[in-house]
Amino acid sequence: MRKLRLIFSILTVVFASLGLAKILSYDISLPLMFVSMILTFLVWSKECYDKGSKRDSYIFLGVAIFIAAITAFNIISTLSSKDKSTEIPKGNPQFMATVLGFEDNYILVDPYKGDEAINSMDMAFVSKDVISKIDVPDVKEGDKISVVYNGSIAKSYPAKLEGVFAIYPIDKNGDTIRLYSQEEINSAIDVIKKEFEKDWKGCTLKEIHYAGDKVSEDHQEFTARYNADEVIVLVSTFDVDESGGDGSLNPNSTYTDWNWILVRKNGGKWKHVDHGY
């Protein structure tokens, strides 16, 4: 029995170390650590009982049952939290930041606007394991993001934010993008890129990006006009060669802030319905 107790004690330390070292996620390492701890106390209880020390045996058994209850509660809570929501609780602090880099499951950011508690720091790690089911945007160094979190900041350097509800990209106008995920925006951009390459002869697309939530909301009339329920607006820059494209564009010119309007229904494929200034 003593050997078993030693084995389970070692396993408890091993699983705790794997979790702290982030070799295993906490969702895996913590339950394994607690199970090993429970088995350690159960073996200890049996040893005491066999030696005739029933009082100590019952104490260790009670501790094992208590830890088992906590473990069961945590597992159930973890499983239930997998059913994430797109609803973000109101009143939570948020801030804007510039992406500096990445480390493991964190985004290293430089806060510059918003919540004072985090804005006073020069750097912070933002967990990508968000509480909501809103997709974490595919960002790169230099991009701007908006972070909504529960206000809890780990005392470390750089500071770590674990209770992150959502991470939103910020458009070129400095506004937070909430209407569409990066994947939805990219799928709309792909539609225009393919059409541009096929139909816009004599033109070279230089840049195209999401115009922002406000601009898209300002074009909601297109949903009724084309029997759709969502509209997205993209803005682009493109060059026109000496041919003038199809003849309607100025030769040897550059068009900036050219809008592309797309609609879709029931989350289907985006359809290009209009363009221009």
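Quantities reported herein were computed from a predicted structural model and do not represent experimental measurements.

Procedures and definitions
Residues numbered from 1 in each chain as written. Predicted model: local features only at pLDDT ≥ 70, side-chain atom pairs only at ≥ 80, totals over all residues. Heavy atoms only, no water. Pairing = 2+ DSSP bridges. Helix = DSSP H or I, 4+ residues; strand = E, 2+ residues; numbered from the N terminus. Axes fitted to C-alpha atoms, helices over the stretch in contact; angles between N-to-C directions. Contact = heavy atoms within 4.5 Å. Expected span 1.5 Å × (residues − 1). Buried < 20%, exposed > 50% of the residue type's maximum accessible area, 1.4 Å probe, protein only. Arc of directions from axis to C-beta. Patch = residues over 30% accessible without salt bridge, like charges linked within 9 Å, V, L, I, M, F, W, Y side chains within 5 Å. Areas by Shrake-Rupley, 256 points an atom, 1.4 Å probe, with all protein chains shown as cover. Salt bridge = Lys/Arg side-chain N within 4 Å of Asp/Glu carboxyl O.

Topic: the sheet that holds strand β9 (residues 253-264)
Part 1 of the reasoning: If you walk across this open sheet you meet the four strands as β7-β8-β9-β10, and the pairing is antiparallel. At either margin of the open sheet sits one strand with a lone partner, and together these are β7 (203-210) and β10 (271-276). Strand-to-strand twist of the sheet, defined as the mean angle between neighbouring strand axes without regard to direction, takes the value 30 degrees.
Part 2 of the reasoning: As judged from the seven bridges shared by β7 and strand β8 (residues 230-240), these two strands associate in the antiparallel manner. Bridge assignment links His209 to a residue of β8, and that residue is Val235.
Part 3 of the reasoning: Those strands touched by helix α5 (residues 182-199) are β7, β8, β9 and β10, and its axis lies near 165 degrees from that of β7.

Brief notes about the pairing of β10
Part 1 of the reasoning: Of the pairings in the sheet, the one linking β9 to β10 comprises five bridges and is antiparallel in character. Within β10, the position partnered with Val263 by the bridge is Lys271.
Part 2 of the reasoning: Hairpin remark: β9 followed by β10, antiparallel, with six residues in the connecting loop; positive phi at Asn266, about 55 degrees.

Regarding α5
Part 1 of the reasoning: Compared with an ideal rise of 1.5 Å per residue, which puts 18 residues at 26 Å, α5 spans 26 Å between its outermost C-alpha atoms and is within 8% of the ideal.
Part 2 of the reasoning: Taken together, the buried positions of α5 are Ile185, Ala188, Ile189, Ile192 and Phe196. Take α5 and look down its axis: the buried residues cluster within an arc of 100 degrees, on one side only. In this structure, α5 carries Glu183, Lys194, Glu197 and Lys198 as exposed residues pointing more than 90 degrees from its buried face.

A look at a nonpolar patch on the surface
Part 1 of the reasoning: Together, Val35, Leu39, Leu42, Tyr49, Tyr58, Leu61 and Ile65 make up a nonpolar patch on the protein surface, roughly 610 Å² of accessible area in all.
Part 2 of the reasoning: At four residues, the largest contribution of residues to the nonpolar patch is made by helix α2 (residues 26-50).
Part 3 of the reasoning: Locating Leu61 in the fold gives a position in helix α3 (residues 54-81).

What to know about the sheet that holds strand β6 (residues 164-169)
Part 1 of the reasoning: Across the sheet, six strands lie side by side as β5-β3-β2-β1-β4-β6; this open sheet has mixed pairing. Both edges of this open sheet fall to β5 (159-161) and β6, since each of them pairs with a single strand only. Taking the axes of each pair of neighbouring strands and ignoring which way they run, one obtains an average angle of 40 degrees across the sheet.
Part 2 of the reasoning: Strand direction decides the pairing type here: strand β2 (residues 106-114) and strand β3 (residues 124-127), joined by four bridges, are antiparallel. Counterpart to Leu108 in the pairing with β3 is Phe125.

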